[in-house]
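Structural overview for review
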Amino acid sequence: MVKIRVDESKCTGCGDCKFICPVGVYEIEKGKAVPVDMESCCGKTCRLCVEYCWKEAIQQTERHNAS
Ligand code: SF4
Ligand code: SF4
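A brief structural summary. (Residues numbered from 1 in each chain as written. Chains lettered and ligands numbered in written order. Predicted model: local features only at pLDDT ≥ 70, side-chain atom pairs only at ≥ 80, totals over all residues. Heavy atoms only, no water.)

Note on placement: Val 25 falls in the loop between α1 (16–20) and β2 (26–29). When the C-alpha positions of Val 25 and Pro 35 are compared, they lie 5.3 Å apart, and in sequence the two are ten residues distant. (Helix = DSSP H or I, 4+ residues; strand = E, 2+ residues; numbered from the N terminus.)

Looking now at the site of ligand 1. Surveying the vicinity of ligand 1 reveals the residues Cys 11, Thr 12, Gly 13, Cys 14, Gly 15, Asp 16, Cys 17, Ala 33, Cys 53, Lys 55 and Ile 58. Along the lines of polarity and charge, the residues of the shell around ligand 1 split into six nonpolar, three polar and two charged. (Near = heavy atom within 4 Å. Nonpolar A, V, L, I, M, F, W, Y, C, P; charged D, E, K, R; others polar.)

Opposite charge on two side chains permits pairing when their charged atoms draw close. Enumeration over the complete set of coordinates arrives at two salt bridges. Put simply, Lys 18 and Glu 27 hold a salt bridge, and the shortest N to O gap is 3.2 Å. Glu 62 is paired through a salt bridge with Lys 44; the nearest N and O atoms lie 2.9 Å apart. Here Glu 62 is found in strand β4 (residues 58–62), whereas its partner Lys 44 is found in the loop between β3 (32–35) and α2 (48–52), with 18 residues between them in sequence. (Salt bridge = Lys/Arg side-chain N within 4 Å of Asp/Glu carboxyl O.)

What follows concerns the site of ligand 2. Around ligand 2 sit Cys 21, Pro 22, Val 23, Val 25, Tyr 26, Cys 41, Cys 42, Cys 46, Arg 47, Leu 48, Cys 49 and Gln 60, and those are all the residues in its vicinity. Tallied by class, residues from the shell around ligand 2 come to ten nonpolar, one polar and one charged.

The structure is reproduced here in structure tokens:
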């Protein structure tokens, strides 16, 4: 499981991450990218959004489940 963090100070709301994500994780809300469907994220094997964001606003980190 991974965690996605969008740095709002860098994000321009361009929508490129929403466009490139194959499973529709992102929505653009109030001019910023929001990962609304993290459950669908393909995780470490993908990272398309991280590499595609021209503002380097997206960080993907490991998330360890509590259970
Ligand atoms: S690609 Fe980057 S700058 Fe563009 S909406 Fe997504 S996070 Fe924001
Ligand atoms: S890592 Fe891939 S599946 Fe996950 S949010 Fe980014 S583009 Fe979508």
